[in-house]
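Survey of secondary and tertiary structure
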Amino acid sequence: MATKKKRTLSAQNDSWVVIAPDSVVDTQKHDSDPSFVRLRNPLTDEASLYMLGSGDVQLFEVKAFEEDFHSWFVGQTVQRDGRLLFITPMDPLYLILPYLIKSGKEGKFQPVDQVVMDEEFPACSRLLSCTHSLASLRHIAEEKEVANLKFHRYSQEKTMDWLKKKVERTVAALKKRHISVGEGVKSSTYVRVKSEPDHNEEDYLRYAHGLISEYISEDLSKDLLRHLKLPELTSPKETEPPSKKRKLSDTPVEAGEDYTKFNSADFVRKPPKKMTSAQKTLAKVDKTGMKPMSSFFSPKAKAEKK
Amino acid sequence: MSCNTSVTRVQLPPAVDQVPRVPVHLMPCEIEHDGPAQVSQYLTATTKDCKQEKTVSFRGRGLKGQELSCPQGYTGLVLKEINKPGSDQEDRTVKLTSTFDKLTYWNLETPTNSDDTVVMAMDWPELAEAIHGPVED
């Protein structure tokens, strides 16, 4: 029954509700149209959907925000597929990195356009056209210039420093968001739980590390954990007292103290599972690999599923 | 494998403001249909606006709703596929058919709240900027 439903859905699904940066549709700047392309996902090593803006100057990530049992009314029409797609700017370096790591094993300096090549995903060479790609290679590779030609070799040390900065940026954003959530909210029914000041630094670091780990291989993610001097959690679930969990579902975004969830084995295994179902419903537009966004805002989503 | 090589082009009009702005509603139920619906007649016309919260009865169920603006710097787009190709190896085209700058989401019975998942989803662009913005030296 369920499979039958899915099939009808994918057959008829030809319309999408999307939230995208203004720049994507700013036709003034454009000489060509943006396009959805499939590229190798650095975490899963499989196809995911991305967008390249006009002239390939900007890479975008495509994420699906999805809850069960939702549909859209768009103008005077009904759209069965209730997903909301988010298109957000993405750092192309995350996608370039796996290619450099692979070629780095040979230990030679190489021209990057010979490294970022993929028979399965020919669009990957377009990543090098993105505005900051070439300039930011120095964050993940050593550079050599010979007769005006540039050669690169992967550097684990530089990459770790770069990723650490990414984590720090993310921690700052989480803190900022946390504050704005704690104050300006229009919450009407919930009595605001006294704000909990002691989200400690490690919680933030772990959460941010979890977010960044969506864009790097599992090996690199473990290396980064060590680089951040965070011990690996062997069984994160047991470290969470159940009472704490319950409280989370009552609190708004400050529920962020559940940061460890992102590092649990459960979290790592979950996205691919979701992807398969996304793959089914989205087969028509090749939106394979988009992950539901709700996993980023796990407290409520988790609570609802129970 | 070969379908990894196909791209989906987004066809934009010469000017985005030529595209109609439409009201969009995220409904808390799956409606097994794609096609025309008399939304303004049966939903919008009977919606009550009370302070910040909207209420409406939909198929005998009480819905509570709230308007959400798109995050700053972002626009809502409705993309529709045109000229579906016969195989997955051909390139596809989606067309920008309408836009929106706010959406109304509806909860079944429960009052809307800042921890509703769709509200939290609107924070994603800000977080994404932290994850993907250029790092300093």
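The structure this text deals with has already been given above.
Here is a short report on the structure shown in this document. (Residues numbered from 1 in each chain as written. Chains lettered and ligands numbered in written order. Predicted model: local features only at pLDDT ≥ 70, side-chain atom pairs only at ≥ 80, totals over all residues. Heavy atoms only, no water.)

1. Details of the sheet that holds strand β2 (residues 24-27) of chain B
In space, the 8 strands of this open sheet follow the order β3(B)-β6(A)-β5(A)-β2(B)-β9(B)-β6(B)-β5(B)-β4(B), with mixed pairing throughout. Each having just a single partner strand, β3 (35-36) and β4 (48-50) of chain B make up the two edges of the open sheet. As paired strands, β2(B) and strand β9 (residues 102-108) of chain B are joined by 3 bridges and run parallel to one another. What sits directly across from B:Leu26, in β9(B), is B:Tyr105. (Pairing = 2+ DSSP bridges. Helix = DSSP H or I, 4+ residues; strand = E, 2+ residues; numbered from the N terminus.)

2. With respect to the environment of B:Trp124
Take B:Trp124: it is sitting in helix α3 (residues 124-132). Residue B:Trp124 is classed as buried on the basis of its relative accessible area of 0%. (Buried < 20%, exposed > 50% of the residue type's maximum accessible area, 1.4 Å probe, protein only.)

3. A look at the interface of chain B and chain A
Contact residues are listed per partner, giving 83 residues for chain B and 89 residues for chain A. Interface area, chain B with chain A, both sides summed: about 7600 Å², of which 59% is carbon and sulfur. A per-residue breakdown of the area chain B buries against chain A is headed by B:Trp124, B:His132 and B:Val135, which together make up 10% of the total. Between the two partners, chain B and chain A, sit 4 salt bridges. Between A:Arg169 and B:Glu129 there is a salt bridge whose closest N-O contact spans 3.1 Å. Here chain B is connected to chain A by 32 residue pairs in polar contact (both at pLDDT 80 or more). Going through the elements one at a time, β1 (8-11), β2, β3, α1 (39-42), β7 (74-82), β8 (92-100), α2 (117-121) and α3 of chain B are the ones with two or more residues in the side of chain B that touches chain A. Classifying every residue of the side of chain B that touches chain A gives 46 nonpolar, 22 polar and 15 charged. (Contact = heavy atoms within 4.5 Å. Buried area = accessible area lost by both parts, 1.4 Å probe. Salt bridge = Lys/Arg side-chain N within 4 Å of Asp/Glu carboxyl O. Polar contact = N/O pair within 3.5 Å; in protein donor to acceptor, adjacent residues only side chain to side chain. Nonpolar A, V, L, I, M, F, W, Y, C, P; charged D, E, K, R; others polar.)

4. Section: the packing of helix α7 (residues 201-212) of chain A against helix α8 (residues 218-227) of chain A
Pairs of packed helices are described in terms of their axes, by the angle between the two and the distance that separates them. Residues and elements named next belong to chain A. At a minimum axis distance of 10 Å, the contact between α7 and α8 shows a crossing angle of 155°. Taken together, the axis directions place α7 and α8 in an arrangement best described as roughly antiparallel. The two elements α7 and α8 meet at a crossing, and its hand is right-handed. On α8, the residues that touch Arg206, His209 and Ile212 of α7 are Ser221, Leu224 and Leu225. Here the contact of α7 with α8 is composed, by residue class, of 3 nonpolar, 2 polar and 1 charged. (Axes fitted to C-alpha atoms, helices over the stretch in contact; angles between N-to-C directions. Parallel < 35°, antiparallel > 145°, perpendicular 65-115°, else oblique. Left-handed = near helix turned anticlockwise from the far one by under 90°.)

5. So, the pairing of β9(B)
All names here are of chain B. β9 sits mainly inside the fold: 5 of its 7 residues count as buried. Direction of pairing for strand β6 (residues 61-69) relative to β9: antiparallel, over a ladder of 7 bridges. Directly across from Leu63, in β9, lies its bridge partner Leu108.

6. Here's the deal with the packing of aromatic side chains
One pass over the structure, following the stated rule, counts 3 aromatic pairs over all chains. Centroid distance A:Phe73 to B:Phe58: 6.0 Å. Interplanar angle 75°. Geometry classified as edge-to-face. Separated into two different chains, A:Phe73 in strand β5 (residues 71-74) and B:Phe58 in strand β5 (residues 53-58) make up a pair that spans both. For the pair shown, A:Phe73 and B:Phe58 are each scored as buried. Across from the ring centre of A:Tyr204, 5.3 Å away, lies the NZ or CZ of A:Lys175, which sits over that ring. (Phe/Tyr/Trp six-rings, centres within 6.5 Å; stacked < 30°, edge-to-face > 60°. Lys NZ or Arg CZ within 6 Å of the ring centre and 35° of its normal.)

7. Considering the nonpolar core
With 74 residues, the main nonpolar core has A:Ile19, A:Leu39, A:Leu59, A:Leu84, A:Tyr94, A:Leu163 and B:Leu103 as its most contacted residues. Top contributing element to this core by residue count: helix α3 (residues 93-104) of chain A, with 8 residues. For A:Leu59, the residues in contact, after removing those within four places along its chain, are A:Leu39, A:Tyr50, A:Met51, A:Leu52, A:Thr88, A:Pro89, A:Met90, A:Asp91, A:Pro92, A:Leu95, A:Leu127 and A:Cys130. (Core = buried A, V, L, I, M, F, W, Y, C linked by side-chain atoms within 4.5 Å.)

8. Here we look at the pairing of β5(A)
By the alternation rule, side chains of β5(A) split into A:Ser71 and A:Phe73 and A:Trp72 and A:Val74, which are all buried. By the bridge criterion, 4 bridges tie β5(A) to β2(B) in an arrangement that is antiparallel. From the neighbouring strand, A:Trp72 faces β2(B), where its bridge partner is B:Leu26. As paired strands, β5(A) and strand β6 (residues 77-79) of chain A are joined by 3 bridges and run antiparallel to one another. Of the residues in β6(A), the one forming a bridge with A:Val74 is A:Thr77.

9. Quick word on the sheet that holds β8(B)
Adjacent strands of a sheet pair through backbone hydrogen bonds, lying either parallel or antiparallel. The strand order around the closed barrel built from 8 strands is β1(A)-β7(A)-β4(A)-β3(A)-β2(A)-β1(B)-β8(B)-β7(B), with neighbouring strands paired in mixed fashion. Pairs of neighbouring strands in the sheet enclose a mean axial angle of 35°, with direction left out of account. Relative to strand β7 (residues 84-90) of chain A, strand β1 (residues 15-21) of chain A runs parallel, the two being bridged by 3 bridges. Residue pairing for β7(A): A:Ile19 is matched across the bridge by A:Phe86. Strands in contact with α3(A) are β2 (35-40), β3 (47-52), β4 (59-65) and β7 of chain A; relative to β2(A), the strand with the most contacts, it is inclined by about 35°. In the packing of α3(B) onto the sheet, the strands contacted are β4 and β7 of chain A together with β7 of chain B, and the crossing angle to β7(A) comes to about 25°.

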